[in-house]
Amino acid sequence: MTSSPPPHPTPDPTPPQRPPHGRLFGPPGTPPRPTWDPPVPRGPLPWLRPTIRIRLTLLYGGMFLVAGMLLLTIIYLLAAQALEDGAALPIHVVLGNGGSVRLTSEVCDIPSGTDANEAVRQCLAIQRQLALDTLLKNSLLALLGLAVAAFAFGYVMAGRVLAPLGRITRTARQVAGSDLHRRIELEGPDDELRELAETFDDMLDRLDRAFTAQQRFVANASHELRTPLAINRTLLEVQLSDPGASPEVQQLGKTLLATNERSEQLVEGLLLLARSENELVDRKPVDLAEVASQAVEQVRGEAAGKGVTLRGVRKPAYLQGNGVLLERVALNLVQNAVRYNLPEDGWVAVSTDVVHGQAVLTVENTGPLVPAYEVDNLFEPFRRLRTERTGSDKGVGLGLSIVRSVARAHGGSVTATPREDGGLRMRVTLPV
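Everything numeric in this text was worked out from a predicted model, so none of it was measured. (Residues numbered from 1 in each chain as written. Predicted model: local features only at pLDDT ≥ 70, side-chain atom pairs only at ≥ 80, totals over all residues. Heavy atoms only, no water.)

Below, the discussion takes up helix α6 (residues 288-305). Since the α-helix advances by 3.6 residues per turn, residues separated by three or four positions end up pointing in the same direction. For α6, spanning 18 residues, the distance from its first C-alpha to its last is 26 Å, which sits close to the expected 26 Å at 1.5 Å a residue. Every buried residue belonging to α6 is among L288, A289, V291, A292, A295, V296, V299 and A303, and all of these are buried. Backbone geometry just after α6 places G307 at a positive phi near 70°. (Helix = DSSP H or I, 4+ residues; strand = E, 2+ residues; numbered from the N terminus. Expected span 1.5 Å × (residues − 1). Buried < 20%, exposed > 50% of the residue type's maximum accessible area, 1.4 Å probe, protein only.)

Another point: the nonpolar core. Soluble, globular proteins show a tendency: their nonpolar side chains are buried together. Within the largest apolar cluster, 42 residues are counted, with the highest numbers of intra-cluster contacts made by L333, L361, M426 and V428. Counting only elements with at least two residues in this core, the list comes to α6, β5 (308-311), α7 (323-339), β7 (346-355), β8 (358-365), α8 (399-409), β9 (413-418) and β10 (424-431). Per-element tally for this core: the top contributor is α7, with 9 residues. Setting aside residues up to four positions removed in sequence, M426 forms contacts with L333, L361, T362, V363, F379, L400, V414, T415 and A416. Among the nonpolar cores identified, the runner-up in size contains 13 residues, and V161, V175, L180 and I184 belong to it. (Core = buried A, V, L, I, M, F, W, Y, C linked by side-chain atoms within 4.5 Å. Contact = heavy atoms within 4.5 Å.)

Moving on: the sheet that holds β10. Overall, mixed pairing links the 5 strands, which are arranged β5-β7-β8-β10-β9 in an open sheet. Both outer strands of the open sheet, β5 and β9, are each paired with one neighbouring strand and no more. Averaged over all adjacent pairs, the angle separating strand axes in this sheet is 15°, with direction ignored. Note that β8 and β10 share 7 bridges and pair antiparallel. Bridged to E364 within β10 is R425. Across the face of the sheet, α7 comes into contact with β5, β7, β8 and β10 while running at roughly 20° to β8. Each of β9 and β10 is contacted by α8, which is oriented at about 25° to β10, the strand it contacts most. (Pairing = 2+ DSSP bridges. Axes fitted to C-alpha atoms, helices over the stretch in contact; angles between N-to-C directions.)

All right, on to a nonpolar patch on the surface then. A contiguous nonpolar surface patch, about 290 Å² in accessible area, is contributed by L136, L140 and L143. The exposed category is assigned to L140, whose relative accessible area is 51%. (Patch = residues over 30% accessible without salt bridge, like charges linked within 9 Å, V, L, I, M, F, W, Y side chains within 5 Å. Areas by Shrake-Rupley, 256 points an atom, 1.4 Å probe, with all protein chains shown as cover. Salt bridge = Lys/Arg side-chain N within 4 Å of Asp/Glu carboxyl O.)

The next point concerns the packing of α7 against α8. Running from N to C, α7 and α8 cross one another at 145°; their axes reach a closest spacing of 9 Å. Handedness of the α7/α8 crossing: left-handed. Together, L325, L326, R328, V329, N332, L333 and N336 of α7 and G399, L400, I402, V403 and V406 of α8 make up the contact between the two elements. Its residues placed into classes, the contact of α7 with α8 shows 8 nonpolar, 3 polar and 1 charged. (Left-handed = near helix turned anticlockwise from the far one by under 90°. Nonpolar A, V, L, I, M, F, W, Y, C, P; charged D, E, K, R; others polar.)

A full pass over the atoms with the stated rule returns 0 aromatic pairs. Lying over the aromatic face of W347, R311 brings its terminal NZ or CZ to 4.0 Å of the ring centre. (Phe/Tyr/Trp six-rings, centres within 6.5 Å; stacked < 30°, edge-to-face > 60°. Lys NZ or Arg CZ within 6 Å of the ring centre and 35° of its normal.)

With 17 residues, α7 should cover 24 Å at 1.5 Å per step; its first-to-last C-alpha distance of 24 Å lies within 8% of that length. Buried residues of α7: L325, L326, V329, A330, L331, N332, L333, V334, Q335, A337 and V338, and no others. Its side-chain oxygen placed 3.0 Å from the backbone nitrogen of V324, N322 serves as the N-cap of α7. (Polar contact = N/O pair within 3.5 Å; in protein donor to acceptor, adjacent residues only side chain to side chain.)

Now for unusual backbone geometry. A positive phi is found at D345, a non-glycine position, where the angle reads about 60°. By secondary structure assignment, the location of D345 is in the loop between α7 and β7.

Before going further, it helps to spend a moment on the environment of R183. Mapped onto the fold, R183 is located in the loop between α3 (163-176) and α4 (192-240). Residues R183 and D202, spaced 19 residues apart in sequence, show a C-alpha to C-alpha distance of 9.1 Å. Discounting residues that sit within four places of it in the chain, R183 has contacts with T171, D201, L204, D205 and D208.

Next up on the list: the packing of α6 against α7. At their nearest, the axes of α6 and α7 sit 8 Å apart, and the two run at 35° to each other. In terms of crossing hand, the pair formed by α6 and α7 is right-handed. Across the interface between the two elements, V291, A292, Q294, A295, Q298, V299, E302 and A303 from α6 touch G323, L326, E327, A330, L331, V334, Q335, V338 and R339 from α7. The residue makeup of the contact of α6 with α7, split by class, is 10 nonpolar, 4 polar and 3 charged.

Using the criterion set out here, one finds 5 salt bridges in the structure. Here E297 makes a salt bridge to R300, at a shortest N to O gap of 3.1 Å. One end of the pair is E297 and the other is R300, both in helix α6 and 3 residues apart, which spans about a single turn. Between E302 and R339 there is a salt bridge, with its nearest N and O atoms 2.9 Å apart. Remark: R339 occurs in helix α7 and E302 occurs in helix α6; sequence separation between them is 37 residues. E302 gets classed as partly exposed once you look at its relative accessible area, which sits at 27%. Note on R339: relative accessible area 23%, which makes it partly exposed. Sharing partners across several salt bridges, the network here consists of E364, R419 and R425.

In structure tokens form, the structure reads like this:
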């Protein structure tokens, strides 16, 4: 006996319904299906929010309506006054000799012999023109006064509406001074300005956390990187002090010691570059001339060994800043000027002065010709003039990068200009 196959199940035309929270019906433990549904707006409906657009529309529309009502009222009163003044000017009939009739009033004088109706018409036309002229003059004066009042009121109201923008701008300027703990915390209606302020506060929170993490990293790296390098240097110096060491070991130790010293300089430069990226908060009075003189004294021995003459006039130039970082700026510039100089009869001029209310440090030197298109590249880390990125015995390639970072941290700038005879003129400008 043959059994018939089971009937095919009829497909359900109704699609599976989506339960709450984006989960499809399924076996237990099925993970929720991700959804991209836009969040439901909270608070009042969007068209009921007191947005800046609605507030400005209501403000200036209301001002226009009030100004128009005032202007119409003034014109109506002026017109009524003009009509009343015109009605108060009666026309007098004067009888002359021989029975002639003469019409006269305060504004018109019709000679005798004119038809009476024509005379009255002319006299009324003159009175009407006089009333219109008076109305026009008074209306213009009223419009002028109302315009002045409207502009003054609009200026005051615009200041009140835009006051939150001023608060946001002041907070942004304070944050630009590395005061990342500042917050706007704008109160008031839930409009675009408050939304902007809250977004700005959220951004400041993220920046504050990022800079805090960076400072923590710099502090940790300062310890973790310096310690092994210091241990290596000590071990190498101990090995080199052994009189029984072979010449090969002595040479190897000196090479490793020079490499270790270069690594220490690189680490110090990188850490200083990281610390100087932020604008300073703690500032003290510093004499730029004293800082430059100390840098010159530190490089005097190296300059004498290379036959480079140090000169320049250093006038007092006081500013608020970090003396240690500024001394590093002057030292880097003077060292570069001495090391990248002529083989003989070279000179370096270091001068300070106050120009247009700003402290200026200028370091000028002789040396090889520098193309103008390569000047900007000198301020990039590990970039040198027509040399390899590494392997130079004149430094680690961070000197000018540190100079630029420290100058920016003080709110200043540094510029480099090639000299026609060779060399560079470095100019650091710092606010007093």
